[in-house]
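Results of the structural survey
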Amino acid sequence: MTRHAAEAKPQSKERKSFLLRLGRIKPYIYLLPALVSIGFWIYKPLLQTFQLSVYQWNLLPTSPKQYVGLKNFTNLFNLPEMGIALWNTLIYTVGIIPFSLIIPLIIAIATDNIGRKASNVYRALIFLPMIMAPVAVSSVWRWIMHPTNGILNKALVDWFHLSEPIRFFTDEHWAIWSITFITGWKLIGFSTLIFSAAMTGINKEYIEAAKIDRANGFQIIWHVLLPLLSPTILFMAMMSTLFASEMSFSYINVLTQGGPFNTTTNIYYLLWTYGFQSFNIGASSAAAVVFFLGFGVLAWLFMKLTKKLSFFDN
């Protein structure tokens, strides 16, 4: 009887040890499908992009890949359209800031105190452009901004007596700003909802305390709301910087095809052109690597900036 009890104790300890180890790895088992999916659909193509950036290939399965080393990167930076694409990318990134930060922030603060039913209606209306297909949005704005039949040009001619209509998508001075405006217009709803959600998380006692101290509306916004919204503001600034080129791609492709004279192309559209129009997969992959590394550095800088400048209400 004593011998059986002695044999049962080691078995019980081994079972508890096994259950303890199983409990530690159980969360990773639940995460395994998501990790495998992310690895297959994101990191595998990313590694293949780095690999293809040092090869010359025309995308045909039967065509051999020719190793060229860093020649693709050298040719890429020597191309004049690369400099134009980088400059236009900067214009899109800076030009979208008012639509992703300033206007949504003003709307979120101004509409914070409206009723619940009214806020639900206005949020649905203002978010509507975000759920519209980019191709459909491009078609609508092409009709609105048409040089002869567009209602915008007709209104401008009637109000300001222009000698000739503005060619928003074919004039090299107007095209990039037209694409920037459309991209930003579509982003306003999403940014407004993010800021509105952040506003609901602010403790209203801070505002009441500021009013007791006789702070006016501007002082409450500047000294109370903006510091408490700083994590959200920096997050949206990072999102706008990283995805401005990607979000403008559809409108460039539909409305201008990078023209006129490459004035609307950006690095995102450039790598697509190399890959699926010229079938120069090496140059396209090299542009993608430059895009990835450049914006990766920007993301790292934004994370550092967020830790340094954000104010958290603990």
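Everything that follows concerns the structure shown earlier in this document.
As a further point, take the nonpolar core. By size, the foremost hydrophobic cluster in this structure holds 35 residues, and its most contacted members are Leu-76, Met-199 and Leu-225. Those elements that provide at least two residues to this core are α2 (71–78), α3 (80–95), α4 (97–110), α8 (175–200), α9 (204–212), α10 (217–256), α11 (267–276) and α12 (281–309). It is α10 that provides the largest number of residues to this core, a total of nine residues. Ignoring any residue separated from it by four or fewer positions in sequence, one finds Leu-76 in contact with Met-82, Tyr-274, Ala-283, Ala-286, Ala-287 and Val-290.

Okay, the packing of α4 against α10 next. Following both chains from N to C, one finds α4 and α10 inclined at 145°, their axes separated by 11 Å at the closest point. In the crossing of α4 with α10, the sense of the turn from one axis to the other is right-handed. Facing Ile-97, Ser-100, Leu-101, Leu-105 and Ile-109 of α4, the residues of α10 in contact are Ile-221, Leu-225, Leu-226, Leu-229, Ile-233, Met-236, Ala-237 and Ser-240.

Reported here for the largest pocket is a volume of approximately 830 Å³. As for the largest pocket, its lining consists of 27 residues, and the residues nearest its centre are Pro-45, Leu-46, Thr-49, Leu-271 and Ala-288. Put simply, the parts of the chain that give the lining of the largest pocket at least two residues each are α1 (2–52), α10, α11 and α12. Across the lining of the largest pocket, the residue classes break down as 21 nonpolar, five polar and one charged. Of all elements in the fold, only α9 and α10 reach the threshold of two or more residues within the lining of the second largest pocket. Its residues assigned to classes, the lining of the second largest pocket shows six nonpolar, two polar and four charged.

Conventions and cut-offs
- Residues numbered from 1 in each chain as written.
- Predicted model: local features only at pLDDT ≥ 70, side-chain atom pairs only at ≥ 80, totals over all residues.
- Heavy atoms only, no water.
- Core = buried A, V, L, I, M, F, W, Y, C linked by side-chain atoms within 4.5 Å.
- Buried < 20%, exposed > 50% of the residue type's maximum accessible area, 1.4 Å probe, protein only.
- Helix = DSSP H or I, 4+ residues; strand = E, 2+ residues; numbered from the N terminus.
- Contact = heavy atoms within 4.5 Å.
- Axes fitted to C-alpha atoms, helices over the stretch in contact; angles between N-to-C directions.
- Left-handed = near helix turned anticlockwise from the far one by under 90°.
- 1 Å grid on protein atoms, 1.4 Å probe; cavity = no way out; pocket = protein on both sides within 12 Å on 5 of 7 lines; lining within 4 Å.
- Points joined across faces, edges and corners; volume = space filled by probe spheres on them.
- Nonpolar A, V, L, I, M, F, W, Y, C, P; charged D, E, K, R; others polar.

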